[in-house]
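# Overview (structure and organization)
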Amino acid sequence: MKNNTQERNYFIKIWFWIVIIMIIVAWMIFAINNDRKTNKTSSRYDNILNNSQNDTENILETETTEKKEVVLIDFSTMSKEDIQNWCSNSNINCNIKNQYSDTISTGSFISQSPQANTKIYEGDTVILIYSLGKEPTLGERNALATANDYLNYTAFSYTGLIEQLEFEGFSKEEATYGADHCEANWNEQAAKSAQQYMKYSSFSKSGLIDQLEFEGFTREQAEYGATAVGY
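Keep in mind that what you see is a predicted model, and the values were worked out from it rather than measured. (Residues numbered from 1 in each chain as written. Predicted model: local features only at pLDDT ≥ 70, side-chain atom pairs only at ≥ 80, totals over all residues. Heavy atoms only, no water.)

Attention shifts here to helix α6 (residues 186-200). Count 3.6 residues to each turn of an α-helix, and residues three or four apart come out pointing the same way. Between its first and last C-alpha, α6 extends 22 Å over 15 residues, near the 21 Å set by a 1.5 Å rise per residue. Three or more residues of α6 are buried, namely W186, Q189, A190, A191, S193 and A194. Check the buried side of α6 and you find it contacts α3 (138-153), α4 (158-167), α5 (172-181), α7 (205-214) and α8 (219-228). The distance from a side-chain oxygen at the start of α6 to the backbone nitrogen of N187 is 3.1 Å, and the residue carrying that oxygen is N185. (Helix = DSSP H or I, 4+ residues; strand = E, 2+ residues; numbered from the N terminus. Expected span 1.5 Å × (residues − 1). Buried < 20%, exposed > 50% of the residue type's maximum accessible area, 1.4 Å probe, protein only. Contact = heavy atoms within 4.5 Å. Polar contact = N/O pair within 3.5 Å; in protein donor to acceptor, adjacent residues only side chain to side chain.)

Listed below in structure tokens is the structure:
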């Protein structure tokens, strides 16, 4: 009886270890297969990234090669309108800037960047610099500010505004600078002045024109003002 029990226990131990070994082998097979799948996935992912990068580089290279080359011309003797038309026709961006200059008169051409005869591509930008004239003095800046304040309050002719600025204590040069740079439309100033006169009094057409001329408006400006109020 004892021998049978020992034999049975012996077979149980053998089967126990067989099961353990089978589990270990199965786990190892699973681990190997999983590692292979991971490597395949990683390899596929790397291929996708490489293909995507290559496609992007090809697109950028294609876009660069498709841009048309443009040779810049000398803009120094051209009007701003002609320059803008040339840039538009050549698909070039035209950026016009202004800066003060002690040697170049107001509104004149100073420089272009890139220079003439430079090769660029469609879509590039050309910078053009024009002169604002000499940088104004403190007195000139204040005269300009005062001129704008007056024009916001009432109408003035060109000469009338200069006289008013001189009355305020500005020099002739400072007052003239203020009138020259206030960007007033003197025809519109004449029309406003005519409306103000007609609001408080009655005038014939010739009388209104004479009054506007007395205020410093030119004959043409005075006639424009009279026409603006209905004459």
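A separate point is the sheet that holds strand β3 (residues 109-113). Each strand in a sheet pairs with its neighbour through backbone hydrogen bonds, running either in the same direction (parallel) or in the opposite one (antiparallel). Taken in spatial order, the three strands of this open sheet run β2-β5-β3, and their pairing is mixed. Every interior strand has two partners, whereas the edge strands, β2 (93-99) and β3, have only one. Shown here is a sheet whose adjacent strand axes are inclined to one another by a mean of 20°, direction ignored. Pairing between β2 and strand β5 (residues 125-131): seven bridges, direction parallel. What sits directly across from C94, in β5, is V126. Across the face of the sheet, helix α2 (residues 80-89) comes into contact with β2 and β5 while running at roughly 150° to β2. (Pairing = 2+ DSSP bridges. Axes fitted to C-alpha atoms, helices over the stretch in contact; angles between N-to-C directions.)

Take α4 next. Those residues of α4 that fall on the buried side of the exposure criterion are G160, L161, I162 and L165. On the buried face of α4, the contacting elements are α3, α5 and α6. Looking at the residues trailing α4, positive phi occurs at G169, about 110°.

Here we come to the pattern of salt bridges. In this structure the tally under the stated criterion is three salt bridges. R219 is the partner of E223 in a salt bridge, and the nearest nitrogen-oxygen pair spans 3.2 Å. One end of the pair is E223 and the other is R219, both in helix α8 and four residues apart, which spans about a single turn. Linked by salt bridges that have partners in common, E213, R219 and E223 make up one network. (Salt bridge = Lys/Arg side-chain N within 4 Å of Asp/Glu carboxyl O.)

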